[in-house]
Amino acid sequence: MQQTLTRIDISKEYLNFSAGHFTLFSATERENLHGHNFQVRCAVTAAVGDDGLAFDYALLKRVLKALCDQLDERVLLPQWSPYLRIERQDGLVFACFADERIPFLDRDVLLLPIRNVTIEELAPLLLTRLREQAELTAQTIRTIELGVSSGRGQWAFSQWESHP
Ligand SMILES: Nc1nc2c(c(=O)[nH]1)N=C([C@H](O)[C@H](O)COP(=O)(O)OP(=O)(O)OP(=O)(O)O)CN2
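Here the structure is a predicted model, which is why all the values come from computation and not from measurement. (Residues numbered from 1 in each chain as written. Predicted model: local features only at pLDDT ≥ 70, side-chain atom pairs only at ≥ 80, totals over all residues. Heavy atoms only, no water.)

Asker: Could you give me a rundown of the pairing of strand E2 (residues 16-21), with the residues and numbers involved?
Answerer: Pairing analysis gives six bridges linking E2 to strand E3 (residues 34-47), with the strands arranged antiparallel. Note on E3: the bridge partner recorded for histidine 21 is histidine 34. Of the strand pairs in this sheet, E2 and strand E4 (residues 74-78) are connected by two bridges, and their pairing is parallel. Within E4, the residue paired with alanine 19 across the bridge is arginine 74. (Pairing = 2+ DSSP bridges. Helix = DSSP H or I, 4+ residues; strand = E, 2+ residues; numbered from the N terminus.)

Here it is as structure tokens:
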């Protein structure tokens, strides 16, 4: 029997992270280093129990906030870019791009398992990390849609659906 699913949409102002990055457009073109207040939102569909509760969405907010905090106040660098190589030397991290060797202090950098620091790479990364949270997987969640925005009016969304 097809169960009714209800969508719970979490879009809290505090689900954000301030980070530096530069988008890589080719092997020779990139943006200058700059930052955004990236915003995160997440909607899930779940079955509602006989008690009128799908699950305590405070759990989802807690996990999303922790994911944002992991990226907050760092310069984000992609580990899997075809155009960028990462080198470490004497406590520094070098982003090697074309003929540039851009130095950062280790404490200021966060390497991410993505190909480019774009919203379309950040959204699936955060969705994957969200799904790794055991406390959430135990819930009756059927679909997840996670969005990342680099500014007003520009979002990327990544989706997941459970296959019973
Ligand atoms: N497909 C993508 N294209 C671009 C991305 C991206 O993540 N995915 N990101 C960038 C840059 O990071 C750029 O800084 C994005 O910000 P921007 O468009 O400048 O944001 P604004 O809010 O300033 O936009 P306005 O239209 O100027 O208000 C570029 N491309």
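Asker: I'd like to hear about the environment of arginine 115, residue by residue, with values.
Answerer: Residue position: arginine 115 is located in the loop between strand E8 (109-112) and helix H2 (119-131). Residues arginine 115 and cysteine 42 lie 73 residues apart in sequence; the distance between their C-alpha atoms is 22 Å. Contact partners of arginine 115, with chain neighbours within four places excluded, come to Pro78, Trp80, Ser81, Pro82 and Glu121. In this structure the side chain of arginine 115 is engaged in a polar contact, spanning 2.6 Å, whose partner is the side chain of glutamate 121. (Contact = heavy atoms within 4.5 Å. Polar contact = N/O pair within 3.5 Å; in protein donor to acceptor, adjacent residues only side chain to side chain.)

Asker: Account for the confidence of the model for the protein, naming residues and giving values.
Answerer: For the protein, per-residue confidence averages 95 on the pLDDT scale, and residues scoring 70 or more make up 98% of the total. If you check the scores for this complex, the pTM reads 0.95 and the ipTM reads 0.94. (pLDDT = per-residue confidence, 0-100.)

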